[in-house]
Amino acid sequence: MCGIAGGIGPSAPNKLLLDNQLNSIHHRGPDDQGTYVSQGIALGMCRLAIVEIADGKQPASDARESVHLVFNGEIYNYRELRQELESSGVHCRDSSESEVIINLYIKYGLDFINKLNGMFAIALHDQRDNSLHLIRDRMGKKPIWISQIPDGTLYFASEVRAILPARPDRTLRTEMVAEVMQYGYINSPNSAFNEIKQVPPASVLTWIDGKTKTSTYWELDFDTKIKVSYEEALETTKELIEAAVSRRLISERPLGSFLSGGYDSTVVTALMAQLSKSTVKTYSIGFQY
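**Q** Any details on the overall build of the protein chain? Residues and values, ideally.
**A** A count of helical and extended segments in the protein chain gives six helices and 14 strands. For 289 residues, the compact-globule formula gives about 19 Å, and the C-alpha radius of gyration of the protein chain, at 20 Å, lands near that figure. Within the protein chain, contacts between residues separated by at least 24 positions form 57% of all contacts whose residues are at least 6 apart in sequence. Per element, the accessible surface of the protein chain, about 16000 Å² overall, is 53% carbon and sulfur. The average position of the 30 basic charges and that of the 35 acidic charges among the side chains of the protein chain differ by 2 Å.

**Q** Quick rundown of the pairing of strand β1 (residues 3–8)? Include the residues and the values.
**A** For β1, the buried fraction is high: six of the six residues fall into the buried class. With burial as the criterion, each face of β1 is covered, one bearing G3, A5 and G7 and the other bearing I4, G6 and I8. Two strands pair when backbone bridges link them, and β1 and strand β3 (residues 41–47) are joined in this way by six bridges, in the antiparallel orientation. The partner of I8 across the bridge, within β3, is I41.

**Q** Pulling in residues and values, what's your account of the environment of Q274?
**A** With respect to the helices and strands, the residue Q274 is situated in helix α6 (residues 263–275). Between the C-alpha atom of Q274 and that of E242, which follows or precedes it by 32 residues, the distance is 9.7 Å.

**Q** A description of the sheet that holds β1 should follow, citing residues and the corresponding values.
**A** In space, the six strands of this open sheet follow the order β2-β3-β1-β9-β8-β10, with antiparallel pairing throughout. Strand pairing shows two members of the sheet lacking a second neighbour, β2 (32–38) and β10 (197–198), which therefore form its edges. With seven bridges connecting them, β2 and β3 associate as antiparallel partners. Looking across to β3, one finds that S38 is bridged to I41. Its contacts with the sheet put helix α1 (residues 15–24) on β1, β2, β3 and β9 (154–157), and the angle it makes with β2 is roughly 150°.

**Q** Would you mind going over the side chain of R173 in detail, with residue names and values included?
**A** Structurally, R173 can be placed in the loop between β9 and α4 (175–183). With residues near it in sequence (within four places) discarded, R173 still touches E179, I186, N190, S191, A192, F193 and N194.

**Q** Describe the packing of helix α5 (residues 230–247) against α6, with residues and values.
**A** Between α5 and α6, whose axes approach to 10 Å, the crossing angle comes to 65°. By the angle between their directions, the pair α5 and α6 is classed as roughly perpendicular. Crossing geometry of α5 relative to α6 is assigned as right-handed. Between α5 and α6, the contacting residues are I241, E242, V245 and S246 on the first element and V267, V268, L271, M272 and L275 on the second. Its residues assigned to classes, the contact of α5 with α6 comprises seven nonpolar, one polar and one charged.

**Q** Please give an account of the packing of helix α2 (residues 78–87) against helix α3 (residues 97–108) that cites residues and values.
**A** Between α2 and α3, the least distance of the axes is 10 Å, while the angle of their chain directions is 45°. It follows from the interaxial angle that α2 and α3 lie oblique. Taken as a pair, α2 and α3 cross one another with a handedness that is left-handed. Contact with α2, carried on its side by Y78, L81, R82, E84 and L85, involves E97, V100, N103, L104, K107 and Y108 of α3 and no other residues of that element.

**Q** Can you explain the nonpolar core? Please cite residues and give values.
**A** Ranked by internal contacts, the top residues of the largest apolar core, which has 25 residues, are I75, F112, L116, F120, I122 and I135. Residue assignment for this core shows that the elements contributing at least two residues are β5 (67–75), α2, α3 and β6 (118–126). Ranked by the residues each element gives to this core, the list is headed by α3, at five residues. Those residues in contact with L116, other than ones at most four positions away along the chain, are I75, N77, L81, L104 and I122. If you look at the next biggest cluster of nonpolar residues, it comprises 19 residues, including V70, A121, A123 and V199.

About the criteria used
- Residues numbered from 1 in each chain as written.
- Predicted model: local features only at pLDDT ≥ 70, side-chain atom pairs only at ≥ 80, totals over all residues.
- Heavy atoms only, no water.
- Helix = DSSP H or I, 4+ residues; strand = E, 2+ residues; numbered from the N terminus.
- Rg over C-alpha atoms; globule rule 2.2 N^0.38 Å.
- Contact = heavy atoms within 4.5 Å.
- Areas by Shrake-Rupley, 256 points an atom, 1.4 Å probe, with all protein chains shown as cover.
- Lys, Arg positive; Asp, Glu negative; His and termini not counted.
- Charge placed at Lys NZ, Arg CZ, Asp CG, Glu CD.
- Buried < 20%, exposed > 50% of the residue type's maximum accessible area, 1.4 Å probe, protein only.
- Pairing = 2+ DSSP bridges.
- Axes fitted to C-alpha atoms, helices over the stretch in contact; angles between N-to-C directions.
- Parallel < 35°, antiparallel > 145°, perpendicular 65-115°, else oblique.
- Left-handed = near helix turned anticlockwise from the far one by under 90°.
- Nonpolar A, V, L, I, M, F, W, Y, C, P; charged D, E, K, R; others polar.
- Core = buried A, V, L, I, M, F, W, Y, C linked by side-chain atoms within 4.5 Å.

This is the structure in structure tokens:
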């Protein structure tokens, strides 16, 4: 699962505060913990190692140490992207996802996001203009919570609890009580606190000189109409789901499937069984009343 935390600006976390933030989300990444702290910038990461276990330590940086990165998630096409970089003359020092992301950013700028196939929450600091880019995947699978204080400092984290040590002045957002009672959850992009919100899905939040700007890099297209027969739609859907499952089987750790009792988990498990070389382990959860 992994977890990231940090901040940028005059009141950016020091090493002690950053460690405190990461300790609060240690359950997200018990395999490793790393930090990068410099003047006005702090990046930290708790890692759950899934792929490239030996090479995937974070925070990561480029060879010149001008770009630093922490990210939570998986880039399903990172191996193809690494080959693309190598064929264009860009040398990757190791086989990790973070090395690929950094080199893509250096080569393409923020346009590199459109090349990613995955679920991710990326925090990327560029020393060349002292900017911080917080990037969230298209559907918002991976969270990024943020909070900014009056001096311009921006804090971020994978969970609200990791921002709380930096915001002892937070105040409860009373509207959230009615939201939980009505919907069972707090309406996005809000949290239980007035001072803490989410970066929206498919968005990039950029911090420069104490100011933030949020832009959307992708959105669902409901307007384009496609003429296709039922049989063609069925076959295309099958191919897309099979390709999606296949991409998610890349791992250096044992894989399993959670059976929720619905059609979706059943289909995913069936395809895993077809595509896997070993027997698929399945799990379910039950409750005693």
